[in-house]
Amino acid sequence: MSTKVADHVLQRLREWGVEHVFGYPGDGINGLLAAWGRAENQPRFIQSRHEEMSAFQAVGYAKFSGRVGVCAATSGPGAIHLLNGLYDAKLDHVPVLAIVGQTHRTAMGGSYQQEVDLHTLFKDVASDFVETVTVPEQLPNVLDRAIRTAYARRAPTAIIIPGDVQELDYSPPTHEFKMVPSSLGRSSWTAVPSDDSIRQAADILNSGDKVAILVGQGAAGARAEVERVAELLGAGVAKALLGKDVLSDELPYVTGAIGLLGTRPSYELMRDCDTLLTIGSSFPYTQFLPDFGKARGVQIDIDPHMVGMRYPYEVNVVGDAKATLERLIPLLKGGRGRDWFDTVCDNVAHWREVMERRAHLSADPINPEYVARALDPLLPEDAIISSDSGSAANWYARHLTMRPGMRASLSGTLATMGCGVPYAIGAKFAHPDRPAIALVGDGAMQMNGLAELITAAKYKDQWDDPRLVVGVFNNHDLNQVTWEMRAMEGAPSFLPSQEIPDVQYAAFARSLGLTGIRVEKPEDVEAGWRAGLEADGPAVIEFLTDPAVPPIPPHATWDQMEATAASILKGDADRGSMVKQGFKAKVQEFLPGREKRQD
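Since we're looking at a predicted model, the values are computed, not measured.

Peer 1: I tried to follow helix 21 (residues 525-534) on my own but got confused; where do I start?
Peer 2: In an α-helix there are 3.6 residues to a turn, and that puts residues three or four apart on one side. Taken residue by residue, helix 21 has Val-525, Gly-528, Trp-529, Gly-532 and Leu-533 as its buried positions. Angularly, the buried residues of helix 21 cover 130 degrees about the axis, an arc narrow enough to put them on a single face. Buried residues in helix 21 make contact with helix 14 (368-375), strand 15 (436-441), strand 16 (468-474), strand 17 (515-519) and strand 18 (539-544).

Peer 1: Would you take a moment to explain unusual backbone geometry for this structure?
Peer 2: The omega angle of the peptide bond from Gln-42 to Pro-43 is -5 degrees, so this bond is cis rather than trans. One can find Pro-43 in the loop between helix 2 (30-38) and strand 2 (44-47). Backbone torsion omega between Asp-364 and Pro-365 reads 0 degrees, so that peptide bond is classified as cis. Following the sequence through the fold, Pro-365 ends up in the loop between helix 13 (339-359) and helix 14. Residue His-93 is not a glycine yet carries a positive backbone phi of 60 degrees. Following the sequence through the fold, His-93 ends up in the loop between helix 5 (83-92) and strand 4 (96-102). Within the chain, His-476 stands out as a residue other than glycine whose phi angle is a positive 60 degrees. By secondary structure assignment, the location of His-476 is in the loop between strand 16 and helix 18 (479-489).

Peer 1: Looking at this structure, how should I read the nonpolar core?
Peer 2: The nonpolar side chains of a soluble globular protein tend to be buried with one another. With 52 residues, the main nonpolar core has Val-96, Phe-122, Met-445 and Val-470 as its most contacted residues. Looking at this core, you find at least three residues from each of domain 1 (5-167) and domain 3 (361-589). Ignoring anything within four residues of it in the chain, the contact list for Val-96 reads Ala-58, Val-59, Ala-62, Val-68, Gly-69, Cys-71, Leu-86, Ala-89, Ala-150, Ala-155, Pro-156 and Thr-157. Core analysis: the second largest hydrophobic core is formed by 37 residues, Ile-366, Leu-378, Trp-395 and Leu-400 among them.

Peer 1: Is there a simple way to think about the UniProt feature "domain: Thiamine pyrophosphate enzyme central" (unreviewed entry) in the chain in this case?
Peer 2: Annotation from UniProt places "domain: Thiamine pyrophosphate enzyme central" (unreviewed entry) at residues 198-328. Between the C-alpha atoms that bound residues 198-328 there is a distance of 6 Å. The span itself is 29% helix and 21% strand.

Peer 1: Before we go on, may I ask you to explain the pattern of salt bridges in this structure?
Peer 2: Working definition: two side chains of opposite charge can pair if their charged atoms are close together. Taken as a whole and judged by the stated rule, the model has 27 salt bridges. The salt bridge partner of Arg-296 is Glu-314, with a shortest N-O separation of 2.7 Å. In this pair, Arg-296 is assigned in strand 11 (residues 296-301) and Glu-314 in the loop between strand 11 and strand 12 (315-318), connecting sequence segments 18 residues apart. The class for Glu-314 is partly exposed, based on a relative accessible area of 44%. Residues Glu-526 and Arg-530 are paired through a salt bridge, measuring 3.0 Å at the closest nitrogen-oxygen approach. Of this pair, Glu-526 and Arg-530 both sit in helix 21, four residues apart, roughly one helical turn. According to the relative accessible area criterion, Glu-526 is partly exposed, its value standing at 34%. Within this structure, Asp-502, Arg-518, Glu-520 and Glu-542 form a network of salt bridges that share partners.

Peer 1: Looking at this structure, how should I read the sheet that holds strand 12?
Peer 2: Two strands in a sheet stick together by hydrogen bonds in their backbones, pointing the same way (parallel) or opposite ways (antiparallel). The strand order 9-8-7-10-11-12 describes an open sheet built from six strands, whose pairing is parallel. Every other strand in the sheet has two partners, leaving strand 9 (254-257) and strand 12 as the edge strands with one partner each. Sheet twist, expressed as the average angle between the axes of neighbouring strands with direction ignored, equals 15 degrees. Bridge count for strand 10 (residues 275-279) against strand 11 is five bridges, and the pairing is parallel. Residue Leu-276 lies in a different strand from strand 11, and its bridge partner there is Gly-297. Sheet contacts for helix 10 (residues 223-233): strand 7 (211-215), strand 8 (236-239) and strand 10; angle to strand 7, the most-contacted strand, approximately 165 degrees.

Peer 1: Looking at this structure, I do not really get the packing of helix 11 (residues 264-272) against helix 13. What am I missing?
Peer 2: In a packed pair of helices, the relevant descriptors are the angle between the two axes and the axis-to-axis distance. Contact geometry of helix 11 with helix 13 gives a least axis separation of 8 Å together with a crossing angle of 155 degrees. If you check the angle between helix 11 and helix 13, you find them roughly antiparallel. The chirality of how helix 11 crosses helix 13 is right-handed. Between helix 11 and helix 13, the residues in contact are Arg-264, Pro-265, Glu-268, Leu-269 and Asp-272 and Trp-340, Val-344, Asn-347, Val-348 and Trp-351, respectively. Looking at the contact of helix 11 with helix 13 residue by residue, the classes come out as six nonpolar, one polar and three charged.

Peer 1: Could you clarify how one ought to interpret the UniProt feature "domain: Thiamine pyrophosphate enzyme N-terminal TPP-binding" (unreviewed entry) in the chain in this entry?
Peer 2: Cross-referencing UniProt, the feature "domain: Thiamine pyrophosphate enzyme N-terminal TPP-binding" (unreviewed entry) maps to residues 4-118 in the present numbering. Structurally, residues 4-118 comprises 44% helix and 17% strand, and the distance from its first C-alpha atom to its last is 23 Å.

Peer 1: Please explain the side chain of Lys-428 as it appears in this structure.
Peer 2: Locating Lys-428 in the fold gives a position in helix 16 (residues 420-430). Buried within the structure, Lys-428 lacks any salt-bridge partner; Asp-465 is the closest side chain of opposite charge, at an N-O distance of 4.3 Å. Of note is the side chain of Lys-428, whose polar atom sits 2.7 Å from the backbone oxygen of Arg-434. When sequence neighbours within four positions are dropped, the list of residues in contact with Lys-428 reads Arg-434, Pro-435, Ala-436, Trp-463, Asp-465, Pro-466, Arg-467 and Leu-468.

Definitions and limits used
Residues numbered from 1 in each chain as written. Predicted model: local features only at pLDDT ≥ 70, side-chain atom pairs only at ≥ 80, totals over all residues. Heavy atoms only, no water. Buried < 20%, exposed > 50% of the residue type's maximum accessible area, 1.4 Å probe, protein only. Helix = DSSP H or I, 4+ residues; strand = E, 2+ residues; numbered from the N terminus. Arc of directions from axis to C-beta. Contact = heavy atoms within 4.5 Å. Core = buried A, V, L, I, M, F, W, Y, C linked by side-chain atoms within 4.5 Å. Domains from an automatic or database assignment. UniProt positions renumbered as here; feature names shortened; annotations may be inferred. Salt bridge = Lys/Arg side-chain N within 4 Å of Asp/Glu carboxyl O. Pairing = 2+ DSSP bridges. Axes fitted to C-alpha atoms, helices over the stretch in contact; angles between N-to-C directions. Parallel < 35°, antiparallel > 145°, perpendicular 65-115°, else oblique. Left-handed = near helix turned anticlockwise from the far one by under 90°. Nonpolar A, V, L, I, M, F, W, Y, C, P; charged D, E, K, R; others polar. Lys, Arg positive; Asp, Glu negative; His and termini not counted. Polar contact = N/O pair within 3.5 Å; in protein donor to acceptor, adjacent residues only side chain to side chain.

Right, dumping it as structure tokens:
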């Protein structure tokens, strides 16, 4: 039997080391599906419930494995459905390849069924590389370039293969004019900055007395070097959300997350420092960085297009974080005073006490902060954690202690809902021997998490460690937006947009043969988490949480929160604890405890 184009696509993927393709079938990729049958499902086709979930699973796989994530979809609606997940990859700088079908060449331009201008559709999200294969000789070059570009640019790429092309006999490019040969592989490489830029950076850092370091996911391969720099400079280290697993939160000078979902000590670190070193982060919220003119700045980033645009840095060093820090460390001078370092550590210790206290405050029925706090000491040392977007991300950011060996991520820049469960599924295929935990709000769970439990049930027997624990914060409210309306717009909750139905998430899990536990009382929270982590397969632990517990920004003051509480009491509709006259006091009770004497 002759080798078809579709056969060669799968063969080339195998040669690139691709082991999984996350997808959903459709007649636009029938040729590829037939080839999968001939190839005995190698690489493995992982069937999601929706193409968007395939893209999210590919993103999760890529984030937690470091390898390219591959997704596949049919023409028209299937390709369209991939977009949100691919934009998640684009904005978080993750290597993902999308393989999509297209109508037959003979019908293109004829307004045929499911015919969409896919080049126009993908030209933004896959701006680094998108190409249509029209003749067999374009392969393997198109596929090779798509994969190589995804790795090199840390970006999504796309190849479009019309249905009839998939079924053509494959013939490789020949040694003649206007043929483009190709080769496999990509050598490892490291971007190294100039010696002059390193010296300039060292001069600025050595002149600082109060150094703050901000790390993002770009510093993930430089953990030891970041720790050494922090120790030499007596610096505190804040983490962008995508860099949550870069450093252990057990280090006394690590202040935790930064930004609206961040911590008070990270806010204080940036407010009071005189020097800022940013490593591998494009954290966008300038208002959480030092005031302009107050701190000197150095940025280290591997991407020259991403430097110098968040803060007026004096030196923008373009290079790999590890290689750059290795060259920088010998030029740094230690031995400066300990007052700044001690202050940072004291702020961190105080914050941990505040978080412990807030987690144990009473709520109706369960304090969501306690849900996350109770999970923290139970996390396995090799846990992979995903968080969805929404108020659950606040508790993920503030209450989960990253320890060496743990991995964690969320949709950092796109901040899209619905990624928590598919990220965890992607993680399970990247590391089938490790437990995965997803923290998900009820809104995101209703959006698509419930459907992807079906995917988890389908594949659970193929994972060496079958544990995939989904913690659902069930508060009947699209809580993050509700609080944003109150805090930013001074408006009460608009129930027609914010209130959502009460769904029996645990019961749905049980209907699929999974573990499902509904937790309605605070005293049962820890037991619920333990049951999920001890289950012999995927588990849904549903916590009935109080929507009135505020995700207070780290820079909030008493006056601001009192005003928010007054707005809620004045305008919110009758929703249980939200309108209790004690709510104003309750909001104050959840404040970190330092603001009254500092602000």
